[in-house]
Amino acid sequence: MDLFARSWTALLSAVAELADEDFARPSGCAGWLVRDLVCHLVIDAQDVLITLVTPADAEPTRDAVTYWDIVDPPSGDDPLDALIVRLAAAYEQPGLLKFHLDDVGSAAGRAALLADRGLRVTTQGQVLTAGDYLDAYVLEWTLHHLDLVAHLSGAAGPPTESLGRSRELLEKITGLVFPPSFSDRDVLLVGTGRRRPTAAERSALGEPAAARLPFPVG
């Protein structure tokens, strides 16, 4: 099983294990509850399915690193974010949202396993190989897995390999190599602005590097 499938399977399993009351807890995404994040994952899974069946004849314009852009920090009041909140609320019962994610998410996982990694696909006006596109999504799944469990005591986090690959991708995206004293999890949380660095972390980074934080990716 490749890393895309491993990280996605772990995330789907984490959602499946949520209690109904967990859906009303805050997530690690600004302005979103867990239910809103899970609704976003449904849309992500649909994007994967659409992209993998949208072939391109042109040469690749992006790879797993350049797929990502540094964006403004999330505020929670973006129109698309607000739409996600309304969609999530429309499910009413957490079980319905779980079912939809399992249904669409399982299909996305199967499509990824069947995909020719050399196939060129198009998404958001860019062309990538399917392999690079799926590799880029390891970072997406890993960050959102961290978001999912941010306020859930005892919930399983992302696989170790996913954390390591996501750290590697983030360091290449930003051009900043974090000190070895940072765990992979802390690199992702601090690097993307999901939490502020401690005084010790700022000292380890050095002020020039610390002043560049955060690096929200999207």
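Here, every reference points to the structure presented above.
Summarised in this report is the structure supplied together with it. (Residues numbered from 1 in each chain as written. Predicted model: local features only at pLDDT ≥ 70, side-chain atom pairs only at ≥ 80, totals over all residues. Heavy atoms only, no water.)

Notes on the overall build of the chain
Across its full length, the chain holds 9 helices and 2 strands. In the chain, the succession of helices and strands from N to C terminus is α-α-α-α-β-β-α-α-α-α-α. Over its C-alpha trace the chain gives a radius of gyration of 17 Å, about what one expects of a compact globule, namely 17 Å for 218 residues. Across its three principal axes, the chain shows a C-alpha extent of roughly 45 × 45 × 35 Å. Relative to its 218 residues, the chain shows a buried fraction of 46%. Taken as a whole, the chain presents about 10,500 Å² of accessible surface, with 55% of it coming from carbon and sulfur. Side chains of the chain carry 18 positive and 31 negative charges; the gap between the two charge centres is 4 Å. (Helix = DSSP H or I, 4+ residues; strand = E, 2+ residues; numbered from the N terminus. Rg over C-alpha atoms; globule rule 2.2 N^0.38 Å. Buried < 20%, exposed > 50% of the residue type's maximum accessible area, 1.4 Å probe, protein only. Areas by Shrake-Rupley, 256 points an atom, 1.4 Å probe, with all protein chains shown as cover. Lys, Arg positive; Asp, Glu negative; His and termini not counted. Charge placed at Lys NZ, Arg CZ, Asp CG, Glu CD.)

Comments concerning the nonpolar core
Phe 4, Trp 8, Tyr 133 and Leu 148 are the most contacted members of the largest nonpolar core, which has 64 residues in total. Residue assignment for this core shows that the elements contributing at least two residues are α1 (3-16), α2 (34-52), α3 (79-90), α4 (94-114), α5 (130-149), α6 (160-174), α7 (184-191) and α9 (207-210). Residue contributions to this core peak at 12 residues, all from α5. Leaving out residues up to four positions away in the same chain, Tyr 133 has contacts with Asp 47, Val 48, Thr 51, Leu 52, Tyr 67, Val 121, Thr 123 and Leu 128. (Core = buried A, V, L, I, M, F, W, Y, C linked by side-chain atoms within 4.5 Å. Contact = heavy atoms within 4.5 Å.)

Some thoughts on a nonpolar patch on the surface
Side chains of Leu 80, Leu 83 and Leu 87 sit close together on the surface and give an oily, nonpolar patch of about 250 Å² of accessible area. Inspection of the secondary structure assignment puts Leu 80 in helix α3. (Patch = residues over 30% accessible without salt bridge, like charges linked within 9 Å, V, L, I, M, F, W, Y side chains within 5 Å. Salt bridge = Lys/Arg side-chain N within 4 Å of Asp/Glu carboxyl O.)

Points about the packing of aromatic side chains
With the rule as written, the count across this model stands at 8 aromatic pairs. With a centroid separation of 6.1 Å and 80° between ring planes, the pair formed by Tyr 67 and Tyr 133 is classed as edge-to-face. Placement of the pair is Tyr 67 in the loop between α2 and α3 and Tyr 133 in helix α5, with a sequence separation of 66 residues. On the basis of relative accessibility, which here comes to 12%, the residue Tyr 67 falls in the buried class. Residue Tyr 133 is classed as buried on the basis of its relative accessible area of 0%. Through successive ring pairs, a cluster of aromatic residues spans Phe 4, Trp 8, Tyr 67, Trp 68, Tyr 133, Tyr 137 and Trp 141. (Phe/Tyr/Trp six-rings, centres within 6.5 Å; stacked < 30°, edge-to-face > 60°.)

Re the environment of Lys 172
Looking at where Lys 172 falls in the secondary structure, it is placed in helix α6. The exposure class of Lys 172 is partly exposed, given its relative accessible area of 49%. Taking the C-alpha atoms as reference, Lys 172 lies 9.0 Å from Thr 66; in sequence the two are 106 residues apart. Excluding its chain neighbours within four sequence positions, the residues that come into contact with Lys 172 are Val 65 and Arg 165.

Details of the pattern of salt bridges
Counted under the stated rule, the structure contains 15 salt bridges. Here Arg 62 makes a salt bridge to Asp 69, at a shortest N to O gap of 3.8 Å. Its salt-bridge partner being Lys 172, residue Glu 168 comes within 3.3 Å of it at the nearest N-O pair. Of the two residues, Glu 168 and Lys 172 both sit in helix α6, 4 residues apart, roughly one turn of that helix. The class for Glu 168 is partly exposed, based on a relative accessible area of 35%. Put simply, Asp 135, Arg 165, Glu 168 and Lys 172 are held in one network by salt bridges that share partners.

Functional significance is not addressed by these values, which are geometric in nature.
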